[in-house]
Protein chains: 4
Amino acid sequence: MALPRSGPVRSEHARRAILQATATLLAERGYDHLTIEGIAAAAGVGKQTIYRWWSSKGDIIAECLLEGMVVPGRGELPDTGDIRADLTRWLRDLADMLARDEGELLLRSLIAAAAEHVEVGRRLRDVLAGPESLSGRLERATGTVPNLPRGAPVEEIAEALIGALLLRALSRSPLQPADIDRLLRAVLG
Amino acid sequence: MALPRSGPVRSEHARRAILQATATLLAERGYDHLTIEGIAAAAGVGKQTIYRWWSSKGDIIAECLLEGMVVPGRGELPDTGDIRADLTRWLRDLADMLARDEGELLLRSLIAAAAEHVEVGRRLRDVLAGPESLSGRLERATGTVPNLPRGAPVEEIAEALIGALLLRALSRSPLQPADIDRLLRAVLG
Amino acid sequence: MALPRSGPVRSEHARRAILQATATLLAERGYDHLTIEGIAAAAGVGKQTIYRWWSSKGDIIAECLLEGMVVPGRGELPDTGDIRADLTRWLRDLADMLARDEGELLLRSLIAAAAEHVEVGRRLRDVLAGPESLSGRLERATGTVPNLPRGAPVEEIAEALIGALLLRALSRSPLQPADIDRLLRAVLG
Amino acid sequence: MALPRSGPVRSEHARRAILQATATLLAERGYDHLTIEGIAAAAGVGKQTIYRWWSSKGDIIAECLLEGMVVPGRGELPDTGDIRADLTRWLRDLADMLARDEGELLLRSLIAAAAEHVEVGRRLRDVLAGPESLSGRLERATGTVPNLPRGAPVEEIAEALIGALLLRALSRSPLQPADIDRLLRAVLG
DNA sequence: TACTAATCGAGACGGTACGTCATGTCTTGGA
DNA sequence: TCCAAGACATGACGTACCGTCTCGATTAGTA
């Protein structure tokens, strides 16, 4: 497998190396220690190659989010028909991930990036609470349980759940299983 | 018997100038453009005077939060007895504030600071959702409405509301009056 | 005429601007008021460009000496065949230069730099008393006058003359014409 | 032994501690690493006590020179009647001292101080080459040897000898015994 | 005897400069 | 035309000292 060096067309190899390095460094060092020079060095790439295609750190992170390179839990929301049980399991898995390794650091890094960069904010919301994820699952569940009738404000329910998660990450109070139960009681009655 | 402490004493004037400059610059320029040198210059103070008493930008911001110098909405949560009406009004006022001036920039700056600095995170949660603010108001309202019985998970309800607000700030989707109604329907039934 | 900007090779334009600024500031402000930041500002250059190529103020001054940018009297030692007359004229010119303008400040600055930096010390001695300057002229004169026979310790004679000059600069007692005559009598009999 | 603490009269204890600390630090760390704060700390003294009585580092060093606290060789110039032998021995002792320990660092520190501070310059010259030291000894020897007749320029001879010594210290070329012989040949014929 | 006034150790203050790190722009030479 | 490499001007970092300024304690001389 040849390693492409340069030429008149954009190097996909360089692009992926940059995104991969960004995702790795973001999880390992945190957003405030993430530097363009560090990304370039880790990716084995010249700085100019980064600036040619992206305009800022946030821009790269936004693309990482699009490619699903930073949030591992994407799309794993189960669908057994029992919406409360599914949400319980999903939130517990998320909480476990945050409690382990660099999970919380990564989430806080994404929040910091979102706070500075528009597109990261939008995509972070979409990935975590958007129609292809949480709010879509909720929409499909409307009408199956008393507390989630047709026409329920699924977008806001999703935002409330994810927002509570973020707030817990910011205040460094990990969600315990009992907290998750109470949280679901709060938004699903 | 008091032990005599020799040497000059800390300048309260310098301390307040630094906190004030930090609060002002944070709202005006945002967290990522907030620099220690900028604070020192705006406060008319030497850098060393800052480093002598605080260890980082986050440390100063945390003290600003303690002193109530950055969050304008503190304590204004009304209490008319009608919890839903009170929350509606309070959230509308907050949303108005965010929509105006540098409100959203300030909130995103606080989120960025919280993402990097432990103490900012804790205090931001306390100021916005804590027992002396939102969750306390909710606790007092338990039992007065069907959807908020005694023993309701008020902490989680508060976190869900505030979390949704933060997520909207991050995704730059200002809360409209209709959104607020739906959000309250989501958490209060 | 194009002004060279930057690139992957060292900028000769920046190098010369730095040396020139150093020589100028050294003569104008003195060694103790010479700062890297001042040099950078006067040369229109970033500090890092200085630190990339030199390790200290002394290092830059040593290079200035190599390029002949600080000691104006270099190589002007006359050679009429009459060594005593030549030395008298040369020393008088030097003394005049020191008495004028910033001459003495410059010499004291070079001494201060030499006292701290090895290479400046060596090069200062070479420029003032070395074989390509004073001691060389003396060597060529051996055998032409009774008091300077072949095998005379020309190196030490040169060092004694220049050393006396430095000591006078340090004690702020400018060499008068009569002093020069006595000094030459001391070392040439 | 009572340690005097404070009162309305100047503390001789503090004065001597400051001079001693200055002399010690000058020999140990060199002039450029000598700081007022370092002196105060080493002397166990407040900064203001230094600034109350001296105006600068050079001022303290000048007083150290007056008190004979830095130049150990003072007054040891022997007088056996044989001026050349006496000078040879004296210069060899000086050269030995410079070669040992921090001797050269101390001399270069004094030169650096002299280059910046008028009074240090004057006193350094007096201590090393002045009438109470070298030039006085030379004056008394006039008429005893053919090469040092009455009326010989003893001041200039002394300056030439000491100047050569300083220049060697600056160029880090220690005087060897053979160098000393040649130097004496240069100035005494 | 008490008071006054100068001095002491200590150290906070507004600053300047340090040497380092990262920014975003530019240029080189190779593919 | 793109790439890796890296020099450039800029600007912020956190540290070390500068010289000035209190602070409370100490103590010699005056009241």
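Quick caveat: nothing in here was measured; it's all calculated off a predicted structure.

Conventions we followed
- Residues numbered from 1 in each chain as written.
- Chains lettered and ligands numbered in written order.
- Predicted model: local features only at pLDDT ≥ 70, side-chain atom pairs only at ≥ 80, totals over all residues.
- Heavy atoms only, no water.
- Helix = DSSP H or I, 4+ residues; strand = E, 2+ residues; numbered from the N terminus.
- Buried < 20%, exposed > 50% of the residue type's maximum accessible area, 1.4 Å probe, protein only.
- Contact = heavy atoms within 4.5 Å.
- Phe/Tyr/Trp six-rings, centres within 6.5 Å; stacked < 30°, edge-to-face > 60°.
- Lys NZ or Arg CZ within 6 Å of the ring centre and 35° of its normal.
- Buried area = accessible area lost by both parts, 1.4 Å probe.
- Salt bridge = Lys/Arg side-chain N within 4 Å of Asp/Glu carboxyl O.
- Polar contact = N/O pair within 3.5 Å; in protein donor to acceptor, adjacent residues only side chain to side chain.
- Nonpolar A, V, L, I, M, F, W, Y, C, P; charged D, E, K, R; others polar.
- Domains from an automatic or database assignment.
- Least-squares fit on C-alpha atoms with pLDDT ≥ 70 in both.
- Expected span 1.5 Å × (residues − 1).
- Axes fitted to C-alpha atoms, helices over the stretch in contact; angles between N-to-C directions.
- Parallel < 35°, antiparallel > 145°, perpendicular 65-115°, else oblique.
- Left-handed = near helix turned anticlockwise from the far one by under 90°.

Peer 1: Mind showing me how you'd approach the overall build of chain A here?
Peer 2: Regarding its fold elements, chain A presents 10 helices and 0 strands. Ordered by position in the sequence, the α and β elements of chain A form the string α-α-α-α-α-α-α-α-α-α. By its C-alpha atoms, chain A is 60 × 30 × 30 Å across when sized along the principal axes. Per-residue burial for chain A yields a buried fraction of 53% across its 189 residues. Long-range contacts, defined as pairs at least 24 residues apart, comprise 64% of the intrachain contacts of chain A with a sequence gap of at least 6.

Peer 1: Can you walk me through the packing of aromatic side chains in this structure?
Peer 2: Residue and element names in this part refer to chain A. On inspection of all chains with the given rule, the structure shows 0 aromatic pairs over all chains. When the ring centre of tryptophan 54 is taken as origin, the NZ or CZ atom of arginine 10, which lies over that ring, is 5.2 Å away. Its guanidinium or amino end placed over the ring of tyrosine 31, lysine 57 lies 4.6 Å from that ring's centre, counting from NZ or CZ.

Peer 1: I keep staring at the interface of chain B and chain A and nothing clicks. Help me out?
Peer 2: If you look at the interface, chain B gives 34 residues, while chain A gives 34 residues. Carbon and sulfur atoms supply 64% of the area buried between chain B and chain A, which totals about 3100 Å² over both sides. Among the residues of chain B in contact with chain A, Glu156(B), Leu167(B) and Arg172(B) are the three that bury the most area, contributing 19% of the side total. Between the two partners, chain B and chain A, sit 6 salt bridges. We note a salt bridge from Glu156(A) to Arg182(B), for which the minimum N-O separation is 3.4 Å. Across the contact surface, chain B and chain A share 12 residue pairs in polar contact (both at pLDDT 80 or more). Elements that contribute at least two residues to the side of chain B that touches chain A include exactly α6 (103-116), α7 (118-129), α9 (154-170) and α10 (177-188) of chain B. By residue number, the principal contributor to the side of chain B that touches chain A is α9(B), which donates 11 residues. Residues of the side of chain B that touches chain A, tallied by class, amount to 17 nonpolar, 5 polar and 12 charged.

Peer 1: Whenever I open this one, the domain arrangement of chain A confuses me. Can you help?
Peer 2: All names here are of chain A. As far as domains go, chain A holds domain 1 (12-66) and domain 2 (83-188). Just the C-alpha atoms count here: the centres of domain 1 and domain 2 sit 27 Å apart. Three residues, Ala27, Tyr31 and Leu65, lead the burial of domain 1 against domain 2; their summed loss comes to 50% of the area buried on that side. If you list the elements that add at least two residues to the side of domain 1 that touches domain 2, you get α1 (12-29) and α4 (57-66). It is α4 that contributes the most residues to the side of domain 1 that touches domain 2, 7 residues altogether.

Peer 1: Whenever I open this one, the interface of chain D and chain C confuses me. Can you help?
Peer 2: Reports often express the size of an interface as the amount of accessible area lost when the parts come together. Every contact between the two is made by 34 residues of chain D and, on the other side, 34 residues of chain C. Buried area between chain D and chain C, both sides added, is near 3100 Å², and the carbon and sulfur share of it is 64%. Broken down residue by residue, the surface that chain D buries against chain C is led by Glu156(D), Leu167(D) and Arg172(D), which jointly contribute 20%. One salt bridge in this structure joins Arg168(D) and Glu159(C), with 2.9 Å as the shortest N-O distance. Breaking the side of chain D that touches chain C down by element, the ones donating at least two residues are α6 (103-116), α7 (118-129), α9 (154-170) and α10 (177-188) of chain D. Ranked by the residues each element gives to the side of chain D that touches chain C, the list is headed by α9(D), at 11 residues.

Peer 1: Sorry, what's going on with the relation of the copies chain B and chain A here?
Peer 2: There are two copies of the chain, and a rotation about an axis plus a shift along that axis relates them. By a simple turn and slide, chain B fits onto chain A: the slide is 0.0 Å along the axis, the RMSD is 0.2 Å, and the turn is 180 degrees. Such a combination of rotation and displacement between the chain copies is what one expects of a two-fold axis. Every residue of chain B has its C-alpha some distance from the rotation axis, and the shortest such distance is that of Gly163(B), at 1.8 Å.

Peer 1: Can you help me understand helix α5 (residues 83-99) of chain D in this one?
Peer 2: Residues spaced three or four apart along an α-helix face the same direction, because each turn holds 3.6 residues. Residue and element names in this part refer to chain D. Taking 1.5 Å of rise per residue, the 17 residues of α5 would be expected to cover 24 Å, and the 24 Å separating its terminal C-alpha atoms lies within 8% of that figure. Those residues of α5 lying buried are Ile83, Asp86, Leu87, Thr88, Trp90, Leu91, Leu94, Ala95 and Leu98. The secondary structure elements touched by the buried residues of α5 are α6, α7, α8 (134-141), α9 and α10. Measuring from the backbone nitrogen of arginine 84 back to the side-chain oxygen at the start of α5 gives 3.3 Å, which picks out aspartate 82 as the cap. Positive phi appears at aspartate 101, one or two residues downstream of α5, with a value of about 40 degrees.

Peer 1: Is there a simple way to think about the packing of α5(D) against α9(D) in this case?
Peer 2: When two helices pack together, you describe them by how their axes are tilted relative to each other and by the distance separating the axes. All names here are of chain D. Two numbers describe how α5 lies on α9: the axes approach to 12 Å, and their chain directions differ by 20 degrees. In terms of orientation, α5 and α9 fall into the roughly parallel class. By crossing handedness, the relation of α5 to α9 is classed as right-handed. In contact with Leu87, Trp90, Leu91, Leu94 and Leu98 of α5, α9 contributes Leu161, Ile162 and Leu165.

Peer 1: What is the right way to read the pattern of salt bridges from this model?
Peer 2: Should their charged atoms come close, side chains of opposite charge can pair. Under the counting rule described, the total for this entry stands at 76 salt bridges over all chains. Where Asp86(A) meets Arg137(A), a salt bridge forms, and the shortest distance between an N and an O atom there is 2.5 Å. Here Arg137(A) lies in helix α8 (residues 134-141) and Asp86(A) lies in helix α5 (residues 83-99), a separation of 51 residues in the sequence. Judged by its relative accessible area of 2%, Asp86(A) is buried. The buried category is assigned to Arg137(A), whose relative accessible area is 4%. With its nearest N and O atoms 3.4 Å apart, the salt bridge here joins Arg140(D) to Asp79(D).

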